[in-house]
Amino acid sequence: MASEKRELLIGGDSVPALDGRTTDDLDPFTGEVYAVVAAAGPADVTRAVDAAEQAFAGWAATSPSVKRGILLRAADGLEARTAEVVALMAAEVGGVGGWAGFNVMLAANVLREAAAAVTQPVGEVLTTEVPGQLSLAVREPLGVIAAFAPWNAPVILSTRAVAAPIAAGNTVVLKPSEDAPIAAGLLIADVLREAGLPAGVLNVVTNAPEDAAAVAEALITDSRVRAVNFTGSTEVGRIVGTLAAQHLKPAVLELGGKNSLLVLDDADLDHAVNAATFGAFHNAGQICMSTDRILVHRAVAEEFTAKLAAKVGSLPHGDPADPGTVIGPVINPRAAARVAALVEDAVANGATVRAGGNGGATVLDGVTPQMRVFQEEIFGPAVIVVPVADDDEAVAIANDTEHGLTAGILTEDSRRGLGLAQRIRTGIVHVGNQTVDDEPQAPFGGVKSSGYGRFGGRWGIEAFSATRWVTIAGEHGHFPF
């Protein structure tokens, strides 16, 4: 199959990088070149910000009904491309069909939620000590937004990166992951352009891996960029957040997680096994919300672990283009080697492989806090099972991590579950469910090293707009001199 060729999107036009460089986009299952994309440098970033800055005033002044119409048409247009996206995600990121279909569904609903929120930046009439004065607090767009989208849920997360900023009246320069330049960037730009988004409102710069740091720095430090949103690893998020803070720019950072699923002694174990399998192995465990640690009451731990190992061992894996595949490949050989090293370290230090190993979907028990896999985010097809004595120990272990993204609590007693949820330090918690869940109207984000700020609903609009104080004098004032 001939490789697809894509250029940068700047000011509504597809253009090559200024120096003509390109980079290969590889299929993680075959290792072959799937696409060739333009490799932007800092000068291309400046061009993209130029276009976004030029488009800002017109887009900020565009009526809410026009903005809403574009976003709603884009949602319908994205859904119409479902078959195309399934093929794209299989070839570009190794995503299986169900995961790709979910990406389309949720991303379309993110666009619809953004359309509904177009009129959300509402102001207030304030009290004032000045006779006859009208005092207002108004919400206004910020300007140009720098957005970074990762590869793992590429359609969802690229859409989330741009939808709320655009709905709030901003313009955007989007830098997609080098591992998914099309699915995590150029695709949503195509959809929005077809829906009528004006030129320059969304610009996309793709780059070679070796240029990532320079391109990101050029984008964040451009004085016309007024806010940053980044979804990705905690390691890179620290760099992005630090750079934004140095230049006094607000940031929304949604980073990694070390997410715990608590299985209490009253849980329905068959349901718990199904939930845990989904939470740990959906998209081969490559989701920021993936279940990394299953904390099981000791009274049911062996029965649960045996059932989990049997189910995980039966999951079909292989070619993501095969409709029967449940677990596709991890994104690249580096990721595979990192997950394998975590498993090998655990086994070398006394952990037991209950299912998988050798690169397959893996269940480990006998894991101790001294093992790397106990504390480090796995981000791959492996999970650890940790027996606990009681609820208190489960909460203590769930909180024993620098991360704080999400958690799940499986119990048949919702009051007991809610009580535990209030003690777990995460930005998200699900009682009666596993750790992976997302809805476009909900406040999505973490605490501690999982980041700060919130995407979703009115919280996303608030993140990408500013409050301004405006007064209108009712009469001439008196001054002391």
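All figures in this text were calculated on a predicted structure; none of them were measured in a lab. (Residues numbered from 1 in each chain as written. Predicted model: local features only at pLDDT ≥ 70, side-chain atom pairs only at ≥ 80, totals over all residues. Heavy atoms only, no water.)

Asks: Quick question: what am I supposed to make of the UniProt feature "domain: Aldehyde dehydrogenase" (unreviewed entry) in the protein chain here?
Replies: Under the UniProt annotation, "domain: Aldehyde dehydrogenase" (unreviewed entry) lies at residues 21-470. Between the C-alpha atoms that bound residues 21-470 there is a distance of 48 Å. The span itself is 42% helix and 21% strand. (UniProt positions renumbered as here; feature names shortened; annotations may be inferred. Helix = DSSP H or I, 4+ residues; strand = E, 2+ residues; numbered from the N terminus.)

Asks: How do you make sense of the packing of helix 9 (residues 269-281) against helix 10 (residues 298-313) when you look at a structure like this?
Replies: Working note: a packed helix pair is described by the angle between its axes plus the distance between those axes. In the contact formed by helix 9 and helix 10, the axes pass within 9 Å of each other and the chain directions differ by 55°. In terms of orientation, helix 9 lies oblique with respect to helix 10. For helix 9 against helix 10, the interelement crossing comes out right-handed. Taken together, the residues of helix 10 that come into contact with helix 9 (itself represented by Leu269, Asp270, Ala272, Val273, Asn274, Ala276, Thr277 and Phe281) are Val300, Glu303, Phe304, Lys307, Leu308, Lys311 and Val312. Per-class residue counts for the contact of helix 9 with helix 10 are 9 nonpolar, 2 polar and 4 charged. (Axes fitted to C-alpha atoms, helices over the stretch in contact; angles between N-to-C directions. Parallel < 35°, antiparallel > 145°, perpendicular 65-115°, else oblique. Left-handed = near helix turned anticlockwise from the far one by under 90°. Contact = heavy atoms within 4.5 Å. Nonpolar A, V, L, I, M, F, W, Y, C, P; charged D, E, K, R; others polar.)

Asks: Hey, could you run me through the domain arrangement of the protein chain in this one?
Replies: Interfaces are often sized by the amount of accessible area the parts lose when they come together. Domain annotation of the protein chain identifies domain 1 (4-256 + 441-469) and domain 2 (260-431). Spacing between the C-alpha centres of domain 1 and domain 2 amounts to 31 Å. Between domain 1 and domain 2 the total buried area reaches about 2200 Å² when both faces are included, carbon and sulfur atoms providing 62% of it. For domain 1, the biggest contributors to the area lost against domain 2 are Phe29, Trp99 and Lys448; these three give 25% of the whole. Here Glu402 and Arg238 are joined by a salt bridge, their closest N and O atoms 2.8 Å apart. Inspection of the domain 1/domain 2 interface yields 12 residue pairs in polar contact (both at pLDDT 80 or more). Mapped onto the side of domain 1 that touches domain 2, the elements with two or more residues apiece are helix 3 (82-93), helix 4 (97-116) and helix 8 (234-246). The biggest single contributor to the side of domain 1 that touches domain 2 is helix 3, with 3 residues. Class assignment of the residues belonging to the side of domain 1 that touches domain 2 gives a composition of 10 nonpolar, 10 polar and 6 charged. (Domains from an automatic or database assignment. Buried area = accessible area lost by both parts, 1.4 Å probe. Salt bridge = Lys/Arg side-chain N within 4 Å of Asp/Glu carboxyl O. Polar contact = N/O pair within 3.5 Å; in protein donor to acceptor, adjacent residues only side chain to side chain.)

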